[in-house]
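Structural description and commentary
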Amino acid sequence: MTTTRDNNAPGLIPLEDFFSPPQRAGATISPDGTRFAFLAPWRNRLNVWVEDLEPGSEPRCVTADETRSVRNFRWTDDPRWLVYLQDTGGDENWHLFRVDLDSNDAGSVDLTPFPGARVVDADTVAGRPGTMSFSMNARDASQFDLHEIDIATGELTMVAQSQGVSTSWMRGPGDDLLRLSQTAGRSLEVARLDSATGEFTPVVSFDGNDHPLGVAPLESTPDRTGIWVGSNQGAGLARLIRVDVRTGQIAEVDAHPTLEIDGARRAVAEMSSALIRDRATGELIGVRYLGERQVIHAQTTEFANVLKNLEALSDGDVGELSSDESGLKWIVSFTHDRDPGVTWFYDHSTGDSRRLFRPFPHLHPDALAPMTPVTIPARDGLELPSYLTLPVAHTSVDSAPPLVVLVHGGPWYRDSWGYQPTVQLLANRGYAVLQVNFRGSVGYGTAHTRAAIGEFAGKMHDDLLDAVDWAVAEGHADRDRVAIMGGSYGGYAALVGAAFTPDVFAAAVDYVGISDLENFMRTQPSFLGKESLANNWHLYVGDPDDPVQAAEIRARSPINRVDDIRRPLLIAQGANDARVVQAESDTIVEALRQRKVDVEYLVFDDEGHGFVNPENQMTFYRAVERFLARHLGGEVRS
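The model shown is predicted, which means the values in this text are computed figures rather than measured ones.

**What about the overall build of the protein?**
- Counting its secondary structure elements, the protein contains twelve helices and 36 strands.
- Relative to its length of 638 residues, the protein is compact, with a C-alpha radius of gyration of 24 Å against a globular reference of 26 Å.
- Overall, the protein is about 75 × 65 × 45 Å in size when its C-alpha atoms are taken along their principal axes.
- The buried share among the 638 residues of the protein stands at 58%.
- When contacts within the protein are restricted to residue pairs at least 6 apart in sequence, those whose partners lie at least 24 apart make up 55%.

Below you can see the structure in the form of structure tokens.
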């Protein structure tokens, strides 16, 4: 038996407060230190705004996208220009747009107006002011060519043509280029192309088995004579090394005795967030590590002094961080479980600081639930680093609240400490929330990640079951009121919970999740060749082109256990999803409806692999709120 609050009872936070756009977010300082850019709503979509750093100045909106929120922007080396990436309806075909800050009109120019093209790895070119480089698949959708563009004129030049689906380019010393090749043998090979002779010289090779995303994260040193790599070769934890691209010599740059470099096994784009670099020179000044909380290793005395003063501004973890070219003026936002994204300006020359904004000023930290790191033992002894969030005030007459097991995507990803609107919504509605870094999650060493090989719907799922048992035994959950919820891989895990262990979970929420592993692998984008899938899906799950492995893949797919599903489901899908195509959800929903299983299905025509537009987020989470209240006895306000 449960009781619920009245809909207007104090403490029940409106759903809109969690999922409306932030008032401001993502601030970065200009190269000359005179102003800062940030994201803020314009016509209910996040757009880029610019404001002078002088107190009392008025912000100005400089983009005008009323279809889809801008999420990824950056200053160029000329403070006149900003650039940002934008796709269409969530299709992940990112175009590069330019904004002219000398113009009084909000607007932008598409620098890559090629239908179906996707821009990746856009960056300024050291020593070439006004120039950016990026890879783009406009010539052939399956291959990425290296391009340069003059930001002011838009003049585009192809620097190097791709040499195959699983190859890419980086700039090397002088006019030389570096070719990155993913091999069928799961290795990443780096070779240098001599611009004078046209000959390739092998530089280094990395065993791809230790990098489930198929690419060792790389970033060029400022002089392009070396590359920084997050590597665990010869060690169980990923550390930062430097490879000399002329000699192949490897040297350790930095390491932590118990933690991995943050993002070292996620993606190239995320590697850059782990490396803190001098704005003017590009030299390395800090390295981020992530355990229960973040640790930053300063690489210079100057940055150590700056970092000490920055960290004193909040009890959260240093998040987005930018400085002007002098290295004296800084803007920093903080990761925090209950005070998300609070952003400060700091002047190291004077020691002065001031808070610029809180993205969600309507959310009071005391009204939100703390996220607590916990370690859960799996049945085979593997430790599962996890996070538990308990409701601030539990109103049930039972001794334990209902529980939602919230499963992260990837699965080569990890949950970490910090504010998450989904978690806080659930906790505010009376649910305990448990996030488990099950085997296969990254950031905890090679052994933890590779323990997932062959364990989809096996030990990976057992880890979640063991976490439920732990939560019940500790008094954090009511055994009869447990739901499983997640997106992408987490959606697959929710379907596995419903199909493989239907007696454990009272309800399941699948958000852009995989129902058919074989179909999923066969419908990946054309630029993900067989070599790119070798280190992750083929190694961990199987190769669908091998009849024996294909049979095993089918056995681990929820669509082939649909007759065992009897608990209610909520399934949500983006129609433009390029990673988990809509057929994944359509097929299992149709099969469930034929069996008269209680299933609610939401499809968003203007979304992809994850929902961006606020009205879609609120529609989805309003459905989640009502679905869980109906089947777990939690609370509902909307």
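**A look at the sheet that holds strand E9 (residues 119–124)**
- Taking strand neighbours across the sheet as the criterion, the four strands line up as E9-E10-E11-E12 in an open arrangement whose pairing is antiparallel. A strand with exactly one partner marks an edge of an open sheet, and here the two such strands are E9 and strand E12 (156–160). Going from strand to strand, the sheet's axes swing by 35 degrees on average, the running direction of each strand aside.
- Of the strand pairs in this sheet, E9 and strand E10 (residues 131–140) are connected by four bridges, and their pairing is antiparallel. Opposite Asp123, over in E10, you have Ser133 as the bridge partner.

**Structural notes on the nonpolar core**
- One finds Phe456, Trp537 and Leu569 to be the most contacted residues of the largest nonpolar core, which totals 61 residues.
- When residues of this core are assigned to their parent elements, the largest contribution, nine residues, is made by helix H7 (residues 489–500).
- Not counting residues up to four positions away in its chain, the partners in contact with Phe456 are Pro411, Trp412, Tyr489, Tyr492, Leu517, Trp537, Tyr540, Val541 and Arg556.
- Phe19, Val433, Phe611 and Ala623 belong to the second largest nonpolar core, which has 39 residues in total.

**Observations concerning the sheet that holds strand E18 (residues 226–231)**
- Reading across the sheet, the four strands line up as E17-E18-E19-E20 and stay open at both edges, with antiparallel pairing between neighbours. Strands at the two margins of the open sheet, each flanked by one partner only, are strand E17 (218–220) and strand E20 (250–254). The sheet shows a mean angle of 30 degrees between the axes of neighbouring strands, direction not considered.
- As defined by bridge partners, E18 adjoins strand E19 (residues 239–244) across six bridges and the pair is classed as antiparallel. Looking at E19, one finds that Ser231 is bridged to Arg239.

**Topic: the packing of aromatic side chains**
- This structure, assessed with the given rule, holds 22 aromatic pairs.
- Measuring from ring centre to ring centre gives 5.8 Å for Phe303 and Trp330, while their planes differ by 45 degrees; the resulting arrangement is tilted. With Phe303 in helix H3 (residues 301–311) and Trp330 in strand E26 (residues 329–335), this residue pair connects regions lying 27 residues apart in the sequence.
- By relative accessible area, Phe303 is classed as buried at 2%.
- Using a relative accessible area of 5% as the deciding quantity, one classes Trp330 as buried.
- Ring geometry for Phe520 versus Trp537: centroids 4.7 Å apart, planes at 65 degrees, classification edge-to-face. Of the two residues, Phe520 is situated in helix H8 (residues 517–522) and Trp537 in helix H9 (residues 530–540); the sequence distance between them amounts to 17 residues. Like Trp537, Phe520 is buried.
- Joined through ring pairs, the aromatic side chains of Trp412, Phe438, Phe456, Tyr489, Tyr492, Phe520, Trp537 and Tyr540 make up one cluster.
- We note Arg561 situated over the ring of Phe500; from NZ or CZ to the ring centre the distance is 4.2 Å.

**What about a negative patch on the surface?**
- Residues Asp32, Asp77, Asp78 and Glu325 make up a contiguous surface patch of negative charge.
- In this fold, Asp78 is placed in the loop between strand E5 (72–75) and strand E6 (81–86).
- Looking at Asp78, the relative accessible area reads 32%, which means it is partly exposed.

**A word on helix H6 (residues 459–473)**
- The end-to-end C-alpha separation of H6 is 20 Å, in line with the 21 Å expected for 15 residues at 1.5 Å each.
- For H6, the full list of buried residues reads Met460, His461, Asp463, Leu464, Leu465, Asp466, Ala467, Val468, Trp470 and Ala471.
- Buried residues in H6 make contact with strand E29 (371–377), strand E30 (383–389), strand E31 (403–407), strand E32 (432–436), strand E33 (482–487) and H7.

**A word on the pairing of E18**
- Of all six residues making up E18, six are buried, and the element is well covered by its neighbours.
- With burial as the criterion, each face of E18 is covered, one bearing Gly226, Trp228 and Gly230 and the other bearing Ile227, Val229 and Ser231.
- Once E17 ends, the chain turns through five residues before running back antiparallel as E18, passing Arg224 with a positive phi of about 60 degrees.

**A short note on the environment of Asp466**
- Its place among the elements puts Asp466 in helix H6.
- Sequence separation between Asp466 and Pro377 is 89 residues, and the spatial gap between their C-alpha atoms is 7.6 Å.
- If we skip the residues at most four places from it in the chain, Asp466 touches Ile376, Pro377, Ala378 and Arg379.

**Concerning the pattern of salt bridges**
- Applying the stated criterion across every chain yields a total of 36 salt bridges.
- Between Asp244 and Arg246 there is a salt bridge whose closest N-O contact spans 3.3 Å.
- Among the residues examined, Arg246 registers a relative accessible area of 49% and is labelled partly exposed.
- We note a salt bridge from Arg595 to Asp563, for which the minimum N-O separation is 3.7 Å. With Arg595 in the loop between helix H11 (582–594) and strand E36 (599–604) and Asp563 in the loop between helix H10 (547–555) and strand E35 (569–574), this residue pair connects regions lying 32 residues apart in the sequence.
- Look at Arg595 and you get partly exposed, because its relative accessible area is 33%.

**Some remarks on the side chain of His448**
- The topology assignment puts His448 in helix H5 (residues 446–450).
- Contacts of His448, omitting those with residues within four sequence positions, involve Leu382, Glu383, Leu384, Pro385, Asn437, Phe438, Arg439, Gly440 and Ser441.

**So, the environment of His538**
- Relative to the assigned elements, His538 resides in helix H9.
- Sequence separation between His538 and Ile453 is 85 residues; the distance between their C-alpha atoms is 9.6 Å.
- Not counting the four nearest positions on each side in its chain, His538 is found in contact with Arg186, Met521, Lys530, Leu533, Asp543, Pro544 and Gln549.

**Quick look at H7**
- Given a rise of 1.5 Å per residue, twelve residues ought to cover 16 Å, and the 16 Å separating the end C-alpha atoms of H7 matches this to within 8%.
- Summarising burial for H7: twelve of the twelve residues are buried, a large majority.
- When H7 is considered as a whole, its buried residues turn out to be Tyr489, Gly490, Gly491, Tyr492, Ala493, Ala494, Leu495, Val496, Gly497, Ala498, Ala499 and Phe500.

**Concerning the pairing of E26**
- Burial runs high along E26: five of the seven residues are buried.
- Note that strand E25 (residues 317–323) and E26 share five bridges and pair antiparallel. The residue bridging Ser322 from the neighbouring strand is Ile331, located in E26.
- The antiparallel hairpin formed by E25 and E26 contains five residues in its connecting segment, where Gly327 sits at a positive phi of about 75 degrees.

**Focus: unusual backbone geometry**
- Cis geometry is adopted by the peptide bond preceding Pro411, which originates at Gly410 and carries an omega value of 5 degrees.
- Within the secondary structure layout, Pro411 lies in the loop between E31 and helix H4 (421–428).
- With a phi close to 65 degrees, Glu92 is a non-glycine residue in the positive phi region.
- Within the secondary structure, Glu92 is located in the loop between E6 and strand E7 (95–100).
- Glu92 sits in the buried class, given a relative accessible area of 8%.
- The phi dihedral of Ser488 falls on the positive side, at around 60 degrees, and the residue is not glycine.
- Following the sequence through the fold, Ser488 ends up in the loop between E33 and H7.

Cut-offs applied
Residues numbered from 1 in each chain as written. Predicted model: local features only at pLDDT ≥ 70, side-chain atom pairs only at ≥ 80, totals over all residues. Heavy atoms only, no water. Helix = DSSP H or I, 4+ residues; strand = E, 2+ residues; numbered from the N terminus. Rg over C-alpha atoms; globule rule 2.2 N^0.38 Å. Buried < 20%, exposed > 50% of the residue type's maximum accessible area, 1.4 Å probe, protein only. Contact = heavy atoms within 4.5 Å. Pairing = 2+ DSSP bridges. Axes fitted to C-alpha atoms, helices over the stretch in contact; angles between N-to-C directions. Core = buried A, V, L, I, M, F, W, Y, C linked by side-chain atoms within 4.5 Å. Phe/Tyr/Trp six-rings, centres within 6.5 Å; stacked < 30°, edge-to-face > 60°. Lys NZ or Arg CZ within 6 Å of the ring centre and 35° of its normal. Patch = residues over 30% accessible without salt bridge, like charges linked within 9 Å, V, L, I, M, F, W, Y side chains within 5 Å. Areas by Shrake-Rupley, 256 points an atom, 1.4 Å probe, with all protein chains shown as cover. Salt bridge = Lys/Arg side-chain N within 4 Å of Asp/Glu carboxyl O. Lys, Arg positive; Asp, Glu negative; His and termini not counted. Charge placed at Lys NZ, Arg CZ, Asp CG, Glu CD. Expected span 1.5 Å × (residues − 1).

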